Amino acid sequence: LGTWNYVLVGAPVDASGTEKAFEPATGRVIATFTCLGEKEVSLDVENAKAAFKIWSKKCGRERCQILLEAARIIKERKDEIATVETINNGKSIFEARLDVDTCWQCLEYYAGLAASMAGEHIQLPEGSFGYTRREPLGVCVGIGAWNYPFQTACWKSAPALACGNAMIFKPSPFTPVSALLLAEIYTQAGMPPGLFNVVQGGAATGQFLCQHQDVAKVSFTGSVPTGMKIMEMSAKGIKPVTLELGGKSPLIIFSDCNMENAVKRALMANFLMQGQVCCNGTRVFVQKEIIDKFTKEVRVLGFVKLAKEQGASVLCGGDLYVPEDPKLKEGYYMTPCILTNCRDDMTCVREEIFGPVMSILSFDTEAEVLERANDTTFGLAAGVFTRDIQRAHRVAAELQAGTCYINNYNVSPVELPFGGYKKSGFGRENGRVTIEYYLQLKTVCVEMGNVESVF
Ligand SMILES: NC(=O)c1ccc[n+]([C@@H]2O[C@H](COP(=O)([O-])OP(=O)(O)OC[C@H]3O[C@@H](n4cnc5c(N)ncnc54)[C@H](O)[C@@H]3O)[C@@H](O)[C@H]2O)c1
């Protein structure tokens, strides 16, 4: 992979120029790709429609087998996929491998559900009856952010395909590569050509996809401003949307917590993926009695973690960082930053930074911290650390967030639904409920007798 330069080109019909993708660690260009235009997007939709005809006729068990085979190949190619992700995205190889695990698990989970999707039978008077069919929507579009490229492609496509849909996936132009591996794997596993298609490009290509009349649904992961545009475009075509948007999540640490666990998870809640995780707990509310101890411990552990990662101790200051290694000098680095004495009205506390910055805020009472924690337009995630079991559940019930962690943070088992409240979006990924976002219900009403004339 040392001299790897991936050229992603098709046969452009009306492509709107090319883009380059970089390796953030070194700054080198690793891929040049063509941004697809309207005609090419339409061709992809046509291919997806043809594949949908074949795929939607398969029974759930047949789709299950193919998804399981794809999961097996992902497991087998785990290191290769993780390496590509690390090169193109910049996350650590350790985290990239964890991401890949959540991907094959997701495929296995929805493969398991594929065979058991069923409608209802409803008895009506005089022997007549009705039944419901749960049918796929058709060609769905997935649009991804750059922070979890392979994972987003899997989390969107696995439930969509398990339900019998086709999916066209547009990765972020910053991270265009790993979704192609997924397309290759799906084909190798036995999916019809065009069923999962990767379309490269930025905002313009995304718009062509959202506006296409034959696209039945859009599932989007990205920022709130783009999410608003996606919703507007989808509204014009009365298309359902799933919006997985940004956050500014609170993490509440009560004085009766297990301090060691709270410190470890507060670090993870802020510095996982260099702080570029949508659900990170970046507003850390710490009860007054323990704030000094917490602040001291979080700094110490932060230094140890950094020293381990970079082989040297650096200041915890949020500065630009230039590594010693000459190969890495053109890369993009910054040191993790912890801000203390923060106030609720500060910009760093109100807006999503999407970088390694933790803001620590002091609080006195449960009622006060709940009001302050909920005082945000976002509602993606929240966390609470306490040994008081009743308080833990009471606080979780009051927090306005799609996911609440008790005595942990930033874990995403595929069995649990994930998604936002308020401006963090709607719809869910993962969990059983997500199949509802990729199916439509048909009611069939069956008359068993003769019908009377009403005229
Ligand atoms: N809730 C979640 O599950 C989740 C997960 C990961 C990231 N995020 C959020 O994503 C954001 C960071 O990602 P980003 O910077 O890539 O977001 P972004 O909104 O800039 O871009 C996301 C995707 O939308 C495409 N796009 C941009 N403009 C478009 C348009 N007008 N029409 C159609 N597509 C368009 C981009 O090319 C990209 O593929 C953060 O806010 C983060 O919190 C949310």
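Position numbers for residues count from 1 along each chain, tracking the sequence in the order it is written. A pLDDT threshold of at least 70 governs which residues receive local features in this predicted model, and a stricter bar of 80 or more applies before side-chain atom pairs are shown or counted, although totals over entire chains, interfaces and linings include all residues. Excluded from the side-chain calculations are hydrogens and water; all other atoms, namely the structure's heavy atoms, are used.

(A) View of the overall build of the protein chain. Numbering goes from the N terminus for both helices and strands, where a helix is a DSSP run of H or I of at least four residues and a strand is a run of E of at least two. Looking only at helices and strands, one finds 13 helices and 18 strands in the protein chain. Radius of gyration here is computed from C-alpha atoms only, and the compact-globule reference equals 2.2 Å multiplied by the residue count raised to the power 0.38. For a compact globule of 455 residues, the expected C-alpha radius of gyration is about 23 Å, and the protein chain comes in at 24 Å, within 12% of that figure. Principal-axis analysis of the C-alpha atoms places the extent of the protein chain at approximately 80 × 60 × 40 Å. Counting every position in the protein chain, which comprises 455 residues, the buried fraction comes to 53%. Methods summary: accessible areas were calculated by the Shrake-Rupley approach with a probe of 1.4 Å, and residue burial reflects only the protein chains presented. Taken as a whole, the protein chain presents about 20,900 Å² of accessible surface, with 56% of it coming from carbon and sulfur. Side chains of the protein chain give 46 positive and 50 negative charges; the mean places of these two sets differ by 1 Å. Between buried and exposed lies partly exposed: a residue is buried under 20% and exposed over 50% of the maximum accessible area for its type, with that area taken using a 1.4 Å probe on protein chains only. Positive: Lys, Arg. Negative: Asp, Glu. His and the chain ends are not part of the count. Charged side chains are reduced to one point each, which is NZ for Lys, CZ for Arg, CG for Asp and CD for Glu.

(B) Broad picture of unusual backbone geometry. The phi torsion at Met273 lies on the positive side, around 50 degrees, for a residue other than glycine. With respect to the helices, strands and loops of the structure, Met273 is situated in the loop between α9 (259–271) and β12 (283–287). With a relative accessible area of 0%, Met273 lands in the buried category. Of note, the phi angle at Asn407 is positive, near 55 degrees, even though the residue is not glycine.

(C) View of the sheet that holds strand β5 (residues 129–136). The criterion for strand pairing is that DSSP finds at least two bridges linking the strands in question. Ordered in space as β4-β5-β18, the three strands form an open sheet in which the pairing is antiparallel. In this open sheet, the two strands that pair with only one neighbour each are β4 (121–123) and β18 (439–446). With strand direction ignored, the average angle separating the axes of adjacent strands in the sheet is 20 degrees. Pairing analysis gives eight bridges linking β5 to β18, with the strands arranged antiparallel. From the neighbouring strand, Gly130 faces β18, where its bridge partner is Cys445. Lines are fitted to the C-alpha atoms to define the axes, a helix being fitted only along its stretch in contact, and any angle between axes, read from their N-to-C directions, falls within 0 to 180 degrees.

(D) Region of the structure containing the UniProt feature "domain: Aldehyde dehydrogenase" (unreviewed entry) in the protein chain. UniProt annotation of "domain: Aldehyde dehydrogenase" (unreviewed entry) refers to residues 18–298 and 299–444 when read in the numbering used here. Secondary structure across residues 18–298 comprises 49% helix and 20% strand; the distance between its end C-alpha atoms is 44 Å. UniProt positions are given in the numbering used here, feature names are shortened, and annotations may be inferred rather than shown by experiment.

(E) Local environment of the nonpolar core. Within this scheme, the nonpolar core is defined by two criteria: the residues are buried Ala, Val, Leu, Ile, Met, Phe, Trp, Tyr or Cys, and they are joined through side-chain atoms within 4.5 Å. Grouped together as the largest cluster of nonpolar side chains are 82 residues, with contacts concentrated most on Ile74, Leu107, Tyr186 and Ile230. It is helix α4 (residues 93–114) that provides the largest number of residues to this core, a total of eleven residues. By the convention used here, residues are in contact when the closest approach between their heavy atoms is within 4.5 Å. In this structure Tyr186 touches Leu67, Ala70, Leu107, Ser157, Ala158, Leu161, Met191 and Phe196, once residues within four positions along its chain are discounted.

(F) Representation of the packing of α4 against helix α5 (residues 149–162) in the model. Taken N-terminus to C-terminus, the directions of α4 and α5 make an angle of 5 degrees; their axes are 9 Å apart at the nearest point. Taken together, the axes of α4 and α5 lie roughly parallel to each other. Side by side, α4 and α5 meet where Asp99, Thr102, Cys103, Cys106, Leu107, Tyr110 and Ala114 of the first sit next to Phe150, Gln151, Cys154, Trp155, Ala158, Pro159 and Ala162 of the second. Under this grouping Gly is polar, as are all residues other than the nonpolar Ala, Val, Leu, Ile, Met, Phe, Trp, Tyr, Cys and Pro and the charged Asp, Glu, Lys and Arg. Split by residue class, the contact of α4 with α5 holds eleven nonpolar, two polar and one charged. Geometric relationships in this document are graded by angle, where less than 35 degrees denotes roughly parallel, more than 145 denotes roughly antiparallel, 65 to 115 denotes roughly perpendicular, and other angles denote oblique.

(G) Geometry of the pattern of salt bridges. Any Lys or Arg side-chain nitrogen found within 4 Å of a carboxyl oxygen on Asp or Glu counts as a salt bridge. Per the counting criterion, the structure on display carries 24 salt bridges. The salt bridge partner of Lys49 is Glu46, with a shortest N-O separation of 3.5 Å. Separated by three residues within a single helix, Lys49 and Glu46 lie in helix α1 (residues 38–55), roughly one turn from each other. Judged by its relative accessible area of 30%, Lys49 falls in the partly exposed class. Classification of Glu46 by relative accessible area gives partly exposed; the value is 41%.

(H) Main features of the sheet that holds strand β15 (residues 381–385). With respect to topology, six strands assemble into an open sheet ordered β13-β14-β12-β11-β15-β16, the strand pairing being parallel. On the outer flanks of this sheet lie β13 (337–339) and β16 (403–406), each paired with one strand and no other. Ignoring which end each strand starts from, the neighbouring axes of this sheet average 20 degrees apart. Taken together, the three bridges between β13 and strand β14 (residues 357–363) define a ladder with parallel strand orientation. Its bridge partner lying in β14, Leu339 is registered against Ser359. Contacts from α9 reach β11 (250–253), β12, β13, β14 and β15, with the element oriented near 135 degrees to β14. Helix-sheet contacts for helix α13 (residues 389–398) involve β11, β15 and β16, and the interaxial angle to β16 is about 165 degrees.

(I) Quick look at the UniProt feature "active site" (unreviewed entry) in the protein chain. Per the UniProt record, the feature "active site" (unreviewed entry) sits at Glu244. On the accessibility criterion, Glu244 (4% relative accessible area) is buried. Residues contacting Glu244, with those up to four places away along its chain left out, are Lys156, Phe220, Thr221, Gly222, Phe418, Gly419, Ser424, Gly427, Arg428 and Glu429.

(J) How the structure looks around the confidence of the model for the protein chain. Confidence of the predictor at the level of single residues is given by pLDDT, which spans 0 to 100. Residue-level pLDDT values for the protein chain average 91, and 92% of them are 70 or greater. The model gives residues 1–13 a pLDDT under 50, and that stretch makes 33 contacts with residues more than four places away or in other chains. Counted against residues more than four places away or in other chains, residues 310–315, with its pLDDT under 50, gives eleven contacts. In the predicted assembly, ipTM is 0.97 and pTM is 0.92.

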